[in-house]
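Summary of structural features
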Amino acid sequence: MKDYANASCADFVAALASNAPTPGGGGAAALVGAVGAALGNMVAALTVGKKTYAAVEDEILAAEKACLALQAELLDQIAADAEGFLPLAKAYGIPKDDPGRAQALEEAAVSACKAPLRVMELCADALPLIALFAEKGSRLAVSDAGCAAVCVKAALQAASLNVFVNTKSLANRALADELNARCCALLDRCGSMAEGIFESVKAGLLR
């Protein structure tokens, strides 16, 4: 399996546009989330060491360290999503009259939910850090904090669809409802937070 986290942007986009099963929406969501976290870290990098922001430097440094870890784990989810999808692709290839097909599909669909759900959790963890960068980071880079929030929100939404497409097929509706509820809670809470960051940055730039 190709290491798309270390591929060129052109190679990744070409793979997305192809008929290859991976990377797909989940991998794209992971990459966009990592881009969002990286933009937050850009604000931190442009803040640290500046006399104007000396009072918040320790806070910014701590947030930057946390956000760098999230950025790295989001990139890891590109491969994790591809690996999680492969069993599902194989299960669909099992003959329909095979008595084990339904169970194989069920287990594979649950497995395919794991990486996109993790992407959502990582994006949720990144947003409070991005909010801090937007509020206390360098004013010269505040637009990047707003862009970070937009990217992370997009990743969150895209990842959720990659959970929902798999929970829709589950025979275990109790588990499907549980996974859907977790996604919807993250969408409600974090979508509002991301929108709030964007609107705050936009208002400041138009003032």
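Here's a quick rundown of the structure. A quick note: this is a predicted structure, and the numbers were derived from the prediction, not measured. (Residues numbered from 1 in each chain as written. Predicted model: local features only at pLDDT ≥ 70, side-chain atom pairs only at ≥ 80, totals over all residues. Heavy atoms only, no water.)

**Quick notes on the overall build of the protein chain**
- A tally of regular secondary structure across the protein chain gives six helices and zero strands.
- Element order for the protein chain, N to C, with α for helix and β for strand: α-α-α-α-α-α.
- Projected onto the principal axes, the alpha-carbon positions of the protein chain cover approximately 70 × 35 × 30 Å.
- In the protein chain, which comprises 207 residues, the share counted as buried stands at 41%.
- Across the protein chain, every contact between residues at least 6 apart in sequence was considered, and the portion connecting residues at least 24 apart equals 75%.
- Accessible surface, the protein chain as shown: approximately 10500 Å² in total, 60% of it carbon and sulfur. (Helix = DSSP H or I, 4+ residues; strand = E, 2+ residues; numbered from the N terminus. Buried < 20%, exposed > 50% of the residue type's maximum accessible area, 1.4 Å probe, protein only. Contact = heavy atoms within 4.5 Å. Areas by Shrake-Rupley, 256 points an atom, 1.4 Å probe, with all protein chains shown as cover.)

**Regarding the environment of Ala72**
- Relative to the helices and strands, Ala72 resides in helix H3 (residues 57-92).
- Between the alpha carbons of Ala72 and Leu117 there is a distance of 16 Å; along the sequence they are 45 residues apart.

**Comments concerning the packing of aromatic side chains**
- One pass over the full model with this rule turns up one aromatic pair.
- Relative to Phe12, the ring of Tyr4 lies with its centre 6.0 Å away and its plane at 80 degrees, an arrangement referred to as edge-to-face. Phe12 carries the same exposure label as Tyr4, and that label is buried. (Phe/Tyr/Trp six-rings, centres within 6.5 Å; stacked < 30°, edge-to-face > 60°.)

**Here's the deal with the side chain of Glu64**
- Relative to the helices and strands, Glu64 resides in helix H3.
- Salt bridges are absent for the buried Glu64, whose nearest opposite-charge side chain, Lys65, sits at 11 Å.
- Beyond its immediate chain neighbours, meaning those up to four positions away, Glu64 contacts Asn41, Ala44, Ala45, Val48 and Phe133. (Lys, Arg positive; Asp, Glu negative; His and termini not counted. Salt bridge = Lys/Arg side-chain N within 4 Å of Asp/Glu carboxyl O.)

**Thoughts on the pattern of salt bridges**
- Applying the stated criterion across every chain yields a total of six salt bridges.
- A salt bridge links Arg118 to Glu73; its shortest N-O distance comes to 2.8 Å. Placement of the pair is Arg118 in helix H4 (residues 101-136) and Glu73 in helix H3, with a sequence separation of 45 residues.
- Residue Glu73 is classed as partly exposed on the basis of its relative accessible area of 26%.
- Arg118 serves as the salt-bridge partner of Glu121, at 3.1 Å between the closest nitrogen and oxygen. On the criterion of helical spacing, the pair formed by Glu121 and Arg118 is a turn pair, its members being three residues apart in helix H4.
- Exposure remark for Glu121: the relative accessible area of 24% places this residue in the partly exposed category.
- One salt-bridge network, held together by shared partners, links Glu73, Arg118, Glu121 and Arg182.

**As for the state of the cysteines**
- Taken as a whole and assessed by the stated rule, the structure comprises zero disulfides.
- Free of any disulfide, Cys67 has its nearest neighbouring cysteine sulfur in Cys123, separated by 10 Å.
- The thiol sulfur of Cys123 is not disulfide-bonded, and the nearest other cysteine sulfur, from Cys190, lies at 8.4 Å. (Disulfide = S-S within 2.5 Å.)

**Regarding the packing of H3 against H4**
- For the pair H3 and H4, the least separation of the axes is 8 Å and the interaxial angle reads 165 degrees. With respect to their mutual orientation, H3 and H4 come out roughly antiparallel. With respect to the hand of their crossing, H3 and H4 are arranged in left-handed fashion.
- In terms of residue class, the contact of H3 with H4 is made up of 25 nonpolar, three polar and eight charged. (Axes fitted to C-alpha atoms, helices over the stretch in contact; angles between N-to-C directions. Parallel < 35°, antiparallel > 145°, perpendicular 65-115°, else oblique. Left-handed = near helix turned anticlockwise from the far one by under 90°. Nonpolar A, V, L, I, M, F, W, Y, C, P; charged D, E, K, R; others polar.)

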